[in-house]
Structure formats: C-alpha cells, structure tokens
Amino acid sequence: MTIQEYLREFLAQIGPVSDEERQQISDYYQELICEGLERGMSEAEILAAFGSPAEAAARFREENGPGEAEKGGDAPDAAVAVPAEGGITVLDLQAQAAPIEVLPAGEGELRVAFDARPDIDIVESEQQDGVWRFKHRLRKRASRLLAGLFWPERPPTIQVLVPAGFAGRLILKTGDAKIRASGVLDLAELSLTTSNAVIELEDASASAIRLLTGNGGIRLLNLGANDLEAVTGNGRIEAEAVRGGRLHFKTSNGSIQLSGLEGDSLSAESSNGRIRAGQCSISQKTGITTSNGAIVIEQLVCPDIVLGTSNGPITGTVRGDMREYATDAGTSNAGCNVPNLQGPDRQKRFSAHTSNARIAVEFVKE
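Presented here is a report on the structure given in the accompanying data block. Because the structure is predicted, anything quoted here is derived from the model rather than measured.

## Here's the deal with the overall build of the protein
Point 1. A tally of regular secondary structure across the protein gives six helices and 23 strands.
Point 2. Burial status across the protein gives 49% buried among its 366 residues.
Point 3. In the protein, of all internal contacts separated by at least 6 residues, the share reaching a separation of at least 24 is 38%.
Point 4. Roughly 16,500 Å² of accessible area belongs to the protein as shown, and the carbon and sulfur atoms make up 46% of that amount.

## As for helix α1 (residues 3–12)
Point 1. Looking only at α1, the buried set comprises Ile-3, Tyr-6, Leu-7, Phe-10 and Leu-11. In an axial view of α1, the angular spread of the buried residues amounts to 120°, which keeps them on one side of the axis. For α1, the exposed residues set more than 90 degrees away from the buried face come down to Arg-8 and Ala-12.

## A few points about helix α3 (residues 43–50)
Point 1. The complete set of buried residues in α3 reads Ile-46, Leu-47 and Phe-50. Each buried residue of α3 lies within a common arc of 95° when the element is viewed along its axis, so the set occupies one face. Of the residues in α3, the exposed ones pointing more than 90 degrees away from the buried face are Ala-44 and Ala-48.

## Structural notes on the pairing of strand β12 (residues 218–233)
Point 1. Where strand β11 (residues 199–214) meets β12, 14 bridges bridge the pair, whose relative direction is parallel. In the strand pairing of β12, Ile-209 is matched with Leu-228.
Point 2. Where β12 meets strand β13 (residues 237–250), twelve bridges bridge the pair, whose relative direction is parallel. Bridge pairing links Ile-218 to Ile-237 in β13.

## Remarks on unusual backbone geometry
Point 1. Even without glycine at this site, Ala-97 takes up a positive phi of about 65°.
Point 2. Tracing the chain through its elements places Ala-97 in the loop between β2 (90–94) and β3 (100–104).
Point 3. The exposure class assigned to Ala-97 is buried, which follows from its relative accessible area of 5%.
Point 4. Even without being glycine, Asp-129 reaches a positive phi, approximately 55°.
Point 5. Tracing the backbone through its elements, the reader meets Asp-129 in the loop between β5 (121–128) and β6 (131–138).

## A look at the pattern of salt bridges
Point 1. Evaluation of the coordinates by the stated rule reveals 15 salt bridges.
Point 2. The residue Glu-200 makes a salt bridge to Arg-219 at a minimum N-O spacing of 2.4 Å. Here Glu-200 is found in strand β11, whereas its partner Arg-219 is found in strand β12, with 19 residues between them in sequence.
Point 3. Residue Glu-298 pairs with Arg-276 through a salt bridge whose shortest N-O separation is 2.4 Å. In this pair, Glu-298 sits in strand β18 (residues 295–300) while Arg-276 sits in strand β16 (residues 275–278), placing the two residues 22 residues apart along the sequence.
Point 4. The buried category is assigned to Arg-276, whose relative accessible area is 16%.

## Considerations on the packing of aromatic side chains
Point 1. Tallied over the entire structure, the rule returns three aromatic pairs.
Point 2. Measuring from centroid to centroid gives 5.3 Å for Phe-350 and Phe-363, while their planes differ by 75°, and the two rings are edge-to-face. With Phe-350 in strand β22 (residues 348–353) and Phe-363 in strand β23 (residues 359–364), this pair connects stretches of sequence that are 13 residues apart.
Point 3. Put simply, the rings of Tyr-325, Phe-350 and Phe-363 pair up and form one aromatic cluster.

## Quick word on the environment of Gln-4
Point 1. Along the chain, Gln-4 falls in helix α1.
Point 2. Separated by 26 residues in the primary sequence, Gln-4 and Gln-30 have C-alpha atoms spaced 9.4 Å apart.

## Topic: the side chain of His-248
Point 1. Residue placement: His-248 occurs in strand β13.
Point 2. Within polar-contact distance, the side chain of His-248 engages the side chain of Ser-267 at 2.6 Å.
Point 3. Setting aside residues up to four positions removed in sequence, His-248 forms contacts with Leu-228, Glu-229, Ala-230, Ser-267 and Glu-269.

Calculation notes
- Residues numbered from 1 in each chain as written.
- Predicted model: local features only at pLDDT ≥ 70, side-chain atom pairs only at ≥ 80, totals over all residues.
- Heavy atoms only, no water.
- Helix = DSSP H or I, 4+ residues; strand = E, 2+ residues; numbered from the N terminus.
- Buried < 20%, exposed > 50% of the residue type's maximum accessible area, 1.4 Å probe, protein only.
- Contact = heavy atoms within 4.5 Å.
- Areas by Shrake-Rupley, 256 points an atom, 1.4 Å probe, with all protein chains shown as cover.
- Arc of directions from axis to C-beta.
- Pairing = 2+ DSSP bridges.
- Salt bridge = Lys/Arg side-chain N within 4 Å of Asp/Glu carboxyl O.
- Phe/Tyr/Trp six-rings, centres within 6.5 Å; stacked < 30°, edge-to-face > 60°.
- Polar contact = N/O pair within 3.5 Å; in protein donor to acceptor, adjacent residues only side chain to side chain.

These values are about where atoms sit, not about what they do.
In structure tokens, the structure reads:
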C-alpha cells in the first residue's frame, strides 16, 4: 500500500470533518511521514507504525470525540493551579496534546499547575481513596485540529509539582507532546507515556520506572530504579548513569546508547538499530539483540553475556578473564576472534552470534 492509498483509506474513515480540517489532518500525517523518511525509515515501516488505516481512524475518532460544550451543560472552569487534598498516594493524569513537566516542589502537598485556555481546554479533577484523577482534553474543534498543533500558540505545559515527602505513584500520559521529569526522588512508581514525542528523565529515583513513547526518543540521566523499562517505537534511546535491578530498553528502527549502567540484569533490544553499551557493570545477566545493526560493548562487566544480531558486527571488550567463561561465538562469511571453549571450570558464559559480519571481542583481565 502506498502512502497516498493509506491516507485515502484513513481519511475516509475518520468521521465527519470539514474539508479544511480534513486537509490539515492530511498535511499533519504527511509531515510525520516526511520526518520518518528523514530518520531513515522506509514507507512500509512508517505505515506499520501507524497501524492499519482502520486502526488509525478508530484511534482518531476515540481521541477526538464530542467536546463537553457539544454534549450540553456547562464545562468546568479552567484551573490555573489545582492543589490536591491531603492523603494522595496516586496521581493519574491524562492529557491531550499538552506537554508535561514534573518538578520537585519542596514541602507541602502534591500539586498540578496548568494555565488552561477556557475556550479550548477542558479540565476535570476528582479524588477518591487516595487516588487523584486529573484529566485534560480539548474541545471538539481544537481536538479535531489534531490537539492544538495548528493553533498559533503552543499548548500550555502541565506542571506536576512533587513535594519532598511524596513517596507514591505518578502515572502520567499525554499524546503528541513531550514529557520531562527532573529531581523527583524515592517514588513508588513513575510511569510516563506519550506518542510521537520525546521523554526526558534525569536525577530521579523510583522503585519502578515505566517509560513508553511511539516514534519519539527517550533520554535518561542519573536514575535509580529497582525495575526500569524504557520502550519506544522508531526512536533513539540514550541512558547514562542508571542504577538499579532490572534494566530493560527496547526500540524499533532506533539506536540504543548506554553508558555507565549498574544493575542486576540488562536487556537491550532493537530492530535495525545500533546498540552500544559502554562502562556497564551488571551482576547477573546481559542480553543485547538487534537486527541489521552493530553491537558494541566497551569494558562490559558481567558473568553472563548474550549478544546477537544479523548482518552487523559485534565488537568491543569484556572486563574479565576469558578462562572463566564458557564461550560460544559464530558468524558466517566473516571472521571471529572468540574461540568456542567449554569446561567445568568455566562458570561464566559468553555468547555472540551474527551473520555476514565479523566478531571481534577482547577479554581484558581486571
């Protein structure tokens, strides 16, 4: 299916919109497609990321349903600052096309600050049993213009202000807008979700960190987490100075750059992207896999290492004595400097496999 065929089917199923709005929607998707092509994606890969025309249209109809004003009744007043009552342990915040920023706020209560536009934004807020649900959406006209992307002013940022004593869960979600969090510590959970935009997180810690974006990058710096997942479609992942237990990174058609990680286990997965892990110390297991991309490890410390790719080289250094590792390495149509060695005294494992590319990994005694 060509791009023009895809757009014709998609636009035919999005529901009643004016000719002007339909053209704006088409222009927006054309812009997304051009950005994907500039990143090196093929037309097929870009359309696959959107889903089928019917799936994309269904998402559009769900996200751009009737606004509050068209349902009848008065819309709630837009809030400039919304303080929470005491006893909040969970903030469940959902926004439409609004950037989200998470910042430390000293003492006091958890707060949300938002300069809502009364003629565009609808804000709903409710609290029950320690859970604060904050919902932002756009009135029908704004949402049909693809969440404010065609308004002359940039959508205002929703700020989540986290006091030092808050140790609960932050579950934050938006679409087509950036999420940035900095300086929040000792949370039970930090979950950040967006689409077609970047997630940035630095100087933060939580028992569990969940990061998900579609077609956007993820940038992480100086984090601590018992369980961390960073997943994107077609975006680049960068992580530096991340410490924790389970560390999991996954992308499609994007590269992964890891530096200075410490944890129990490390997994990094990509399709058609390069993966580099430098100066990482993992106590249990490291698994790095990609397709048609190179794998580079630099001074990796780990007793159980599994590396796999297709049509890409595997190169770098392992800090350790090769005599302690049971090794299993192989490639086709290229050279491999790692011998296959087994034995009862080799309590550690190193496995590396590729095709049509070389394997050149050195073991450096500590």
